[in-house]
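Coordinates in review
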Amino acid sequence: MRLASLALIAALTSPALAAAQSPPDDPYIWLEDVSSPRAMAWVEQHNASAKKLEADPRYQGLYDDAFRLAAAKDRIPAPHLIHGAVYNFWQDGDHLRGYWRKTTLADYRAAQPAWTTVLDIDALGKAEGKSWVFKGMDCLRPDERLCLVSLSDGGEDAIEVREFDLDKAAFVADGFHLPKAKTNVTWEDADHALVATEWAPDDLTTSGYPYIVKRLTRGQPLSAAVELFRGEKSDVDTGPQVFRDGEGRTLTAIVRSVDFFHHQTWILTAKGVERLAIPLKADVQDLIDGRVIVQLNESWTVGGDAFPAGSLVELDLAAAKADPAHLHPRLVWAPGPRESLGDVAATRGRLFITTLDNVRGRAFVYTPVKGGGWTHIRLPLADNLSVGIADVDHRSDLAFISASGFLDPNGLWLADAASGSLKLAKSLPAKFDASRDVVEQFEAASSDGTKVPYFVVHRRDIAYDGSTPTLMTAYGGFQVSNTPYYSAATGKLWLERGGAFVLANIRGGGEFGPAWHEAGLGVKRQIVYDDFAAVARDLIARKITSPRRLGIEGGSNGGLLMGVEFTQHPELYNAVVIQVPLLDMIRISKIAAGASWEGEYGDVNADPAVMAFWLKTSPYQNLKKGVAYPEPFIFTTTKDDRVGPQHARKFAARMEEMGLPFYYWENTEGGHAAGADLKQAAHTTALTFTYLTKKLMD
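Residues numbered from 1 in each chain as written. Predicted model: local features only at pLDDT ≥ 70, side-chain atom pairs only at ≥ 80, totals over all residues. Heavy atoms only, no water.

Here's the deal with helix α15 (residues 646–657)
For α15, spanning 12 residues, the distance from its first C-alpha to its last is 16 Å, which sits close to the expected 16 Å at 1.5 Å a residue. Of all 12 residues that make up α15, 11 are buried, and the element is covered over most of its length. Here α15 has its buried residues at Q646, H647, A648, R649, K650, F651, A652, A653, R654, M655 and E657. Looking one or two places after α15, you find G659, whose phi comes out positive at around 75 degrees. (Helix = DSSP H or I, 4+ residues; strand = E, 2+ residues; numbered from the N terminus. Expected span 1.5 Å × (residues − 1). Buried < 20%, exposed > 50% of the residue type's maximum accessible area, 1.4 Å probe, protein only.)

Topic: the layout of surface pockets
Space inside the largest pocket adds up to approximately 350 Å³. Lining the largest pocket are 19 residues, and of these K73, D74, R75, A111 and Q112 lie nearest its centre. Elements represented by at least two residues in the lining of the largest pocket include exactly β2 (85–92), β3 (95–103) and β31 (421–427). Considered class by class, the residues forming the lining of the largest pocket number 10 nonpolar, 3 polar and 6 charged. (1 Å grid on protein atoms, 1.4 Å probe; cavity = no way out; pocket = protein on both sides within 12 Å on 5 of 7 lines; lining within 4 Å. Points joined across faces, edges and corners; volume = space filled by probe spheres on them. Nonpolar A, V, L, I, M, F, W, Y, C, P; charged D, E, K, R; others polar.)

A short note on unusual backbone geometry
Between R141 and P142 the backbone carries a cis peptide bond, its omega angle lying at 10 degrees. Positive phi, close to 60 degrees, is recorded for D174, a residue that is not glycine. Mapped onto the elements, D174 comes out in the loop between β8 (170–171) and β9 (177–181). Accessibility expressed as a relative area gives 76% for D174, which makes it exposed. Unusually for a residue other than glycine, A592 sits at a positive phi of about 50 degrees.

Describing helix α5 (residues 59–70)
Along its 12 residues, α5 runs 16 Å from first to last C-alpha, staying within 8% of the 16 Å computed at 1.5 Å per residue. Inspection of α5 places Y59, L62, Y63, A66, F67 and L69 among the buried residues, and these make up the whole buried set. Seen end-on, α5 carries its buried residues on one side only, within an arc spanning 160 degrees. Its buried side turned inward, α5 meets α4 (48–54), β3, α9 (488–493) and α16 (678–697). (Arc of directions from axis to C-beta. Contact = heavy atoms within 4.5 Å.)

Some thoughts on the side chain of N297
By the element assignment, N297 lies in the loop between β19 (291–296) and β20 (300–302). At a separation of 3.3 Å, a polar atom in the side chain of N297 contacts the side chain of D283. When neighbours within four sequence positions are excluded, N297 is seen to be in contact with K281, D283, A309, G310, Q479, P514 and E518. (Polar contact = N/O pair within 3.5 Å; in protein donor to acceptor, adjacent residues only side chain to side chain.)

Focus on the sheet that holds strand β1 (residues 80–82)
The strand order across the open sheet formed by 4 strands is β1-β2-β3-β4, and the pairing between neighbours is antiparallel. Single-partner strands in this sheet number two, and they are β1 and β4 (116–120). Sheet twist, expressed as the average angle between the axes of neighbouring strands with direction ignored, equals 35 degrees. Pairing of β2 with β3, which is carried by 6 bridges, proceeds in the antiparallel orientation. Counterpart to Y87 in the pairing with β3 is K102. The strands touched by helix α7 (residues 121–128) within the sheet are β2, β3 and β4, with β3 carrying the most contacts at an inclination of about 125 degrees. (Pairing = 2+ DSSP bridges. Axes fitted to C-alpha atoms, helices over the stretch in contact; angles between N-to-C directions.)

Okay, structure coming up:
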């Protein structure tokens, strides 16, 4: 395709004409061929810009700190209560790719647990000549001895699945083995797995995910698997789920995702596969005491009862299986005006729930009452922390609850719902000096008058003259809630050196339930970007910082947010970190898994209003020559098969065409993350904070 003239590009991307124009010619489509020699030569050439950051005299010290923090032996080992033990996946300086290990519950609570290695990913990769990245383990309940291990080559979303025996600490000879593909798999029983994968060439949706579910019997080749359900190629994906309660009851479900947020839930009954008549924006979360726990992301009226969006309801399992078309839900939990639901997980006989109340975490234990209904208690955790369910035990009523804040190191609490006890099991030592810092929560008025909350972490004695170097972030999409969290790297490499940190709870997220998310869907999305800019202006108006000292950072959908802020409000920021981003919203459906997010962003190929909106908003299409943009740092990875490196490459190429300066770094591994191992992740972190130091502190 010929290179369009700069004048033509400027004309076609003009906001005044965008809605009436077709997409401009794209001279950089060749960069979408991820691993082509020409594209990789371009990557190698432009990665040289990151070498300038490495040459900064502060880089090595930042890298050393970042790696030391990431590989520290005194981190809290994330617990998984499996097969009567505590399992943990651990990475450190000696195990860059990590290893799966176990100990007893009593020993886990000791200061120095005695660990037994179960599966060493570094050793496995070395033995097999692969760049293996561990992607998780699914163990068959109730015994939890046999597990399906997912491995990724270099960190991409495509996985290879192998059966593993925890007692023998070895892969099962002639056990279940699924070749590399984008796969959804779960156990049905000891001799059957339910699998959605690319059964034959092109057995994928337009989003690149599987849509055909089959039952695979132990010892059979894949070709002998029996089909249970088939979605449509236009779907996002289809996958199996199996829920089990403490008494051995099961619910086997197949979820057909029509788009990212709307999906049909089908269940296996005595009659076959039948549709469960819950709303399209509802999710089965767990099974307890013969009750199917369902989260509602839209309101639901049935049988004269109305349940608001954001609620948690229950269905009787036996009744749902007998007649899945006619359901009788009962309320478990409903949100207040500033509340939203967080995590939901069942132990053997209790239901743990976390919530947000004005972006502050709460945790509850719900106990089913014989004959119907529930009793519940709130766990006595500090009021100003983020709270999450780290893991639950399906054999007992134990659960690990995590709690942390910007200045409060992670604490891990062991809750015993049967006895009502809550004890601190692990606490992270402080990783930076927070004695001079304070956390405040403010609100900014957005373009429509809505109050948007945000947190600021800063020195107690800052001068309110706009001089404080400030790093601001947000996500603003997919109903993801951004809550206070303890970041050792941000604390050590930024706060301790006098910087301020801001977390904005903009619309598009889930901080205030489904409505907060839906306010920014599709062509309404400008309000998300207005919210972020409003917070920036509020920081400046309060004289906490100034455009000269304000930097922003975001990844994935947050990378799109950064791209829009970069093109719409270059006057507000002096540093912009754009990580693993979406930036070409016109060709998004043709890049990696982009078609799967049309439920969030709209479909430019089917809806003229969506095309018009993104023509005037998409960062790649709205770069303009002659604008005084800040010099950004653009980061991506070659192995990212979710968002893809194409967006970042093309954006950088367009900037180069216009004579605009930028830093660019593309890691050749890592998937949709900072790196495939701790050294790669530390390198990315050090590059980022070197860049931020240069732009905001110098």
